[in-house]
Amino acid sequence: MTGRENLEMVARLFGHHRAATRVAATAVIDKLDLGEVADRRTSAYSGGQRRRLDLGASLVGAPRLLLLDEPTTGLDPVGRADVWDAVRGLVADGTDIVLTTHYLGEADQLADQVVVIDHGKAIASGTVSHLKAGIGRDLIEVPVPHIDQLTRAASVLESVTAGPPFIDRSGGRVQSRASGGTDELSGAIAALADAQVPVDEISLRHPTLDEVFLMLTANHARPDADATTREPHLR
């Protein structure tokens with residue numbers, strides 16, 4: 001079936017009459033920018049076009065609320081951007097959307113409100129800016145060239161920053177919340193030098209939503225887990 005035929009079929013299942021079906025399908029095709037491929041068989045669609053068609057199949061029923069479960073999983077950056085644009089357009093037209101995602105950059109781009117879930121429990125919620133502010137205005141990050149020095153570097157940062165530190169063993173780096181700006185950064189540099197912890201670089205920057213998640217889940221580790229070394233799972 002073509003994309004248009006799929007949309008018309010779903011519109012009929014929603015109870016539209018034939019004339020209303022054509023109008024609803026055309027409106028969705030225009031809204032999701034599927035005009036060039038609407039009359040092609042869906043077997044020829046790209047991943048991003050398929051995801052937009054999936055959205056369209058929900059929209060022909062004119063829902064006030066749309067639930068999306070990881071709508072961009074497996075898409076390349078272009079396909080993901082296409083779906084993001086479609087989601088923004090739906091919200092602008094008045095559809096409320098609840099979206100689950102493993103890509104926290106996606107939540108950063110799209111969400112008005114975020115709920116962070118770890119091991120099946122909601123551990124934090126709020127706007128993106130509120131969640132970022134909750135772990136400190138800035139983040140000090142120290143890549144450590146020698147893995148065996150990670151724990152030592154974390155201990156040094158904990159003594160001079162707002163902490164607690166988070167050890168990213170796979171990335172070979174330590175991160176810690178900071179509230180003192182460049183003064184705190186200077187203190188961290190001096191403390192690492194005094195402790196003879198070799199570092200290639202050190203940076204002070206605003207946190208990403210991924211880092212908010214890691215900090216939050218590290219602070220809510222299970223009793224038998226080490227909060228500085230736990231590698232949380234995205235939910």
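Our subject is the structure that appears above.
A brief structural summary. (Residues numbered from 1 in each chain as written. Predicted model: local features only at pLDDT ≥ 70, side-chain atom pairs only at ≥ 80, totals over all residues. Heavy atoms only, no water.)

**A look at the pairing of strand β4 (residues 121-126)**
Here is step 1 of the chain: With five bridges connecting them, strand β3 (residues 114-118) and β4 associate as antiparallel partners. Its bridge partner lying in β4, Ile117 is registered against Ala122.
Here is step 2 of the chain: In textbook terms, the turn of a hairpin is the stretch between consecutive antiparallel strands, and for β3 and β4 this stretch comprises two residues, one of which, His119, has a positive phi near 50 degrees. (Pairing = 2+ DSSP bridges. Helix = DSSP H or I, 4+ residues; strand = E, 2+ residues; numbered from the N terminus.)

**What to know about unusual backbone geometry**
Here is step 1 of the chain: Its identity is not glycine, yet Asp33 carries a phi of approximately 55 degrees, on the positive side.
Here is step 2 of the chain: In this fold, Asp33 is placed in the loop between α2 (18-31) and α3 (47-59).
Here is step 3 of the chain: Asp33 sits in the exposed class, given a relative accessible area of 63%.
Here is step 4 of the chain: Of note, the phi angle at His119 is positive, near 50 degrees, even though the residue is not glycine.
Here is step 5 of the chain: Structurally, the position occupied by His119 is in the loop between β3 and β4. (Buried < 20%, exposed > 50% of the residue type's maximum accessible area, 1.4 Å probe, protein only.)

**Some remarks on the pattern of salt bridges**
Here is step 1 of the chain: As enumerated under the stated definition, the model contains eight salt bridges in all.
Here is step 2 of the chain: Of the charged contacts, one joins Arg88 and Asp85 as a salt bridge, the two residues approaching to 3.2 Å between their closest N and O atoms. Here Arg88 and its partner Asp85 are both found in helix α4 (residues 77-92), three residues apart, which amounts to about one turn of the helix.
Here is step 3 of the chain: For Arg88, a relative accessible area of 34% puts it in the partly exposed group.
Here is step 4 of the chain: Here Lys132 ties to Asp108 by a salt bridge, and the two come within 3.1 Å at their closest N and O atoms. Of the two residues, Lys132 sits in helix α6 (residues 128-134) while Asp108 sits in helix α5 (residues 104-110), which places them 24 residues apart along the sequence.
Here is step 5 of the chain: The structure contains a network of salt bridges with shared partners spanning Glu141, Asp168, Arg173 and Arg205. (Salt bridge = Lys/Arg side-chain N within 4 Å of Asp/Glu carboxyl O.)

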